[in-house]
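One letter stands for each residue in the lines below.
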Amino acid sequence: SGFDETDPEQLALKQELGRMLIGHHPVFNRLADRYFTLEDLFAIRNRLIGAGRIGGKTAGMLLAQRILLTKKEETGVDFTERLDSHDSFYIGSDVFFTFLVNNDLFRLRLRLTCDSATSPDEFQEIEERFLAGRFSSTIREQFRAMLDYYGQAPIIVRSSSLLEDSFGNSFAGKYRSIFCANQGNPEVRLNDFMRAVKLVYAS
């Protein structure tokens, strides 16, 4: 690749790319800087829909996989033969925030952050407001391209918030995961997928 980690300027650029994709957490960043290669970071960016960061669950999964793959000499186990290669796309955090702003949901999000509890009726109303929201045409086109890649294989839309499973914060099971059968014509599949993303956002 021509990348030289002994060059301070190149190393700083790699670290900056890592912060853009993963965020700023000193302990996690030290591990990411050590184990993620520049190619790893580009591979994440190439699967990123929109812009922003990937969530904590995603970052932790990718980092754990990378650590296992580099431990062959220490463990005597070749994990390349035991781990399925992941085949995920990542919706950037900016897509969520833009969705909130463009659909007049940002104030609702702030209010919910301050409230300690949400009744079932209130949550149903929240879901309905999220389901009525629209993604930009640019993001819809990226969703279409992703669905073209998967064809009609079933997929799961999983949450991976900026807090969820980040270093020192286990939010396991806090947000929804939704199974998409991913069947039918492209427009049906797109609408089903966007509905699933909105429900995960609402959660």
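Attention here is on the structure that accompanies the text. Bear in mind the structure is a predicted one, so any value in this text is a computation, not a measurement. (Residues numbered from 1 in each chain as written. Predicted model: local features only at pLDDT ≥ 70, side-chain atom pairs only at ≥ 80, totals over all residues. Heavy atoms only, no water.)

Observations regarding the overall build of the protein
Looking only at helices and strands, the protein features ten helices and four strands. The secondary structure elements of the protein, listed N-terminal to C-terminal, are α-α-α-β-α-α-β-α-α-α-α-β-β-α. Split into buried and exposed, the 203 residues of the protein put 35% on the buried side. Nonlocal contacts in the protein, meaning residues at least 24 apart in sequence, comprise 69% of its contacts between residues at least 6 apart. Accessible surface computed for the protein: about 12300 Å², of which carbon and sulfur atoms make up 52%. (Helix = DSSP H or I, 4+ residues; strand = E, 2+ residues; numbered from the N terminus. Buried < 20%, exposed > 50% of the residue type's maximum accessible area, 1.4 Å probe, protein only. Contact = heavy atoms within 4.5 Å. Areas by Shrake-Rupley, 256 points an atom, 1.4 Å probe, with all protein chains shown as cover.)

What about a nonpolar patch on the surface?
On the surface, Phe97, Val101 and Phe106 cluster together into a nonpolar patch covering about 260 Å² of accessible area. Tracing the sequence through the fold places Phe97 in helix α6 (residues 93–102). Looking at Phe97, the relative accessible area reads 36%, which means it is partly exposed. (Patch = residues over 30% accessible without salt bridge, like charges linked within 9 Å, V, L, I, M, F, W, Y side chains within 5 Å. Salt bridge = Lys/Arg side-chain N within 4 Å of Asp/Glu carboxyl O.)

Side note on the pattern of salt bridges
Where side chains of opposite charge bring their charged atoms close, a pairing between them can arise. Considering all chains together, one arrives at six salt bridges under this definition. Asp33 serves as the salt-bridge partner of Arg19, at 2.8 Å between the closest nitrogen and oxygen. Linking Arg19 in helix α1 (residues 8–22) with Asp33 in helix α2 (residues 26–35), this pair joins segments that are 14 residues apart in sequence. By relative accessible area, Arg19 is classed as buried at 17%. In this structure, the salt-bridge partner of Asp40 is Arg66, at a minimum N-O distance of 2.9 Å. With Asp40 in helix α3 (residues 38–46) and Arg66 in helix α4 (residues 56–69), this residue pair connects regions lying 26 residues apart in the sequence. Classification of Asp40 by relative accessible area gives buried; the value is 14%. Salt bridges sharing common partners tie together Glu141, Arg144 and Glu187.

Observations regarding unusual backbone geometry
Even without being a glycine, Asp104 presents a positive backbone phi close to 55°. Checked against the element boundaries, Asp104 lands in the loop between α6 and α7 (106–114). We classify Asp104 as exposed; its relative accessible area is 55%. A positive phi angle, near 60°, is found at Asn182, a position not held by glycine.

Let's talk about the environment of Tyr201
Along the chain, the position of Tyr201 falls in helix α10 (residues 186–202). With 101 residues separating them in the primary sequence, Tyr201 and Leu100 have C-alpha atoms 9.3 Å apart. Once you skip the residues sitting within four places of it in the chain, Tyr201 turns out to touch Ile91, Val95, Phe96, Phe99, Phe130 and Phe135.

Description of a negative patch on the surface
On the surface, a cluster of negative charge is contributed by Asp121, Glu122, Glu125 and Glu128. Looking at Asp121, the relative accessible area reads 63%, which means it is exposed. (Lys, Arg positive; Asp, Glu negative; His and termini not counted. Charge placed at Lys NZ, Arg CZ, Asp CG, Glu CD.)

Observations regarding the pairing of strand β3 (residues 155–158)
Alternating positions in β3 separate cleanly, Ile155 and Val157 being buried on one face and Ile156 and Arg158 remaining unburied on the opposite face. Both β3 and strand β4 (residues 177–180) contribute to a ladder of four bridges, which runs antiparallel. What sits directly across from Ile156, in β4, is Phe179. (Pairing = 2+ DSSP bridges.)

Digging into the nonpolar core
Counting 28 residues, the largest nonpolar core has Phe130, Phe135, Phe143, Phe193 and Tyr201 as the members making the most contacts within it. Residue assignment for this core shows that the elements contributing at least two residues are α6, α8 (120–131), α9 (137–150), β3, β4 and α10. Broken down by element, this core gets its largest block of residues, nine residues, from α10. Discounting chain neighbours no more than four positions away, the residues touching Phe130 are Phe96, Phe99, Leu100, Leu105, Leu108, Lys198, Tyr201 and Ala202. Ranked by size, the runner-up nonpolar core spans 16 residues in total, among them Leu17, Ala32, Ile44 and Ala59. (Core = buried A, V, L, I, M, F, W, Y, C linked by side-chain atoms within 4.5 Å.)

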